[in-house]
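Take a look at the letters that make up each chain.
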Amino acid sequence: MAKKIAVSEARVLEASWELLAQDGLEKFSMRKLADLIGIQAPSIYWYFKSKQLLFQAMANQVAREIMLNIHPRGDWKKQLHHYAVTMREQLRIYPCSAQLLMRTLPLESDYLQLLDQFLQPIEPLPLTDKEKLNYIVCVINYVLCHELDEYERQQVAIGIGVEDEKLLDGWALKSFDQIPQEKVSIIHRMYTNGLFGEVGTDEMFESGLDILLRGIEQKVIASS
């Protein structure tokens, strides 16, 4: 008699992260997940009625981990900076988690609490609720898009058969030979100076985050 495999919601979630690490979000399926666990696909629907609901639970799990690693201190700018950096760090732990958060809605308990926590530092500021929400969504989306961009660059490199991302620059430089120099002079200079290798780095992330926070600060000053 075959040994019965113990299945729980926690095990389904654990296996889901394993499958994401193997196949990515695009190739994720409930059938593959069931095969990984060693059960029949219908058994998974006992815990999650659809793949989207499973994704919602996974996004909520990421939100919970972000909150657990947030330690507010300093003024509102320092707090938001810390929140954004912490969020980025946690997204790098969970495979494809930036894509998951982009493909889900903040409907789960921890996800909603995370949004509220991001809003708390700017709650005392002289801004309307609409402005507060807009600014926090911009900060969160910046973190998500920064991680998405890095992931997509890796996927593009794999898709066109370039294992080393640095070789993509060489590919682009060959394309410059087909374009009149005066039409691409600025971008050509940046490519040859290796600046596109900075995409996805901590320095570039910090630079963009600083621009966002300074923009909010200017709005606060104007509203005071």
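Remember, predicted model here, so these are calculated numbers, not experimental data.

**Student:** What is the right way to look at the pattern of salt bridges in this model?
**Tutor:** Once the charged atoms of two side chains with opposite charge are near each other, the side chains can pair. A complete count under the given rule lists 11 salt bridges for this structure. Put simply, Glu147 and Arg92 hold a salt bridge, and the shortest N to O gap is 3.2 Å. Residue Glu147 is found in helix H8 (residues 129–159), and its partner Arg92 is found in the loop between helix H5 (76–91) and helix H6 (97–102); the two are separated by 55 residues along the sequence. Here Arg92 falls in the partly exposed class, since its relative accessible area comes to 42%.

**Student:** Explain the packing of aromatic side chains to me, please; I cannot follow it from the model alone.
**Tutor:** Centre distance and the angle of the planes are the two values used to describe a pair of aromatic rings. This model, assessed by the stated rule, comprises 5 aromatic pairs. Ring centres 5.3 Å apart and planes at 70° place the aromatic pair Tyr83 and Phe118 in the edge-to-face group. With a gap of 35 residues between them, Tyr83 in helix H5 and Phe118 in helix H7 (residues 109–119) connect regions that are remote in the sequence. Between Tyr142 and Phe205 the ring centres are 5.5 Å apart and the planes differ by 25°, which places this aromatic pair in the stacked class. In this pair, Tyr142 sits in helix H8 while Phe205 sits in helix H11 (residues 202–223), placing the two residues 63 residues apart along the sequence. We note that Tyr142, like Phe205, is buried. If you follow Arg88 out to its NZ or CZ, it ends over the ring of Phe205, 4.5 Å from the centre.

The rules behind each value
- Per-chain numbering applies: the sequence of each chain, read as written, is numbered from 1 onward.
- Whole-chain, interface and lining totals are the exception, using all residues; otherwise, since this is a predicted model, local features are given only for residues with pLDDT of at least 70 and side-chain atom pairs are given and counted only at 80 or more.
- Just so you know, side-chain values use all the structure's heavy atoms and leave hydrogens and water out.
- Between Lys or Arg on one side and Asp or Glu on the other, a salt bridge is scored when a side-chain nitrogen of the former is within 4 Å of a carboxyl oxygen of the latter.
- Each helix corresponds to a stretch of at least 4 residues labelled H or I by DSSP, and each strand to a stretch of at least 2 residues labelled E; elements are numbered beginning at the N terminus.
- For each residue, the accessible area found with a 1.4 Å probe, counting protein chains only, is set against the maximum for its type, and the residue is called buried under 20%, exposed over 50%, and partly exposed in between.
- Pairs were defined over the aromatic rings of Phe, Tyr and Trp, the Trp ring being its six-membered one, requiring ring centres within 6.5 Å. Orientation was assigned from the angle between planes: stacked under 30 degrees, edge-to-face over 60, tilted for the rest.
- Put simply, a charge is over a ring when the Lys NZ or the Arg CZ is close to the ring centre, within 6 Å, and near the line of the ring normal, within 35 degrees.

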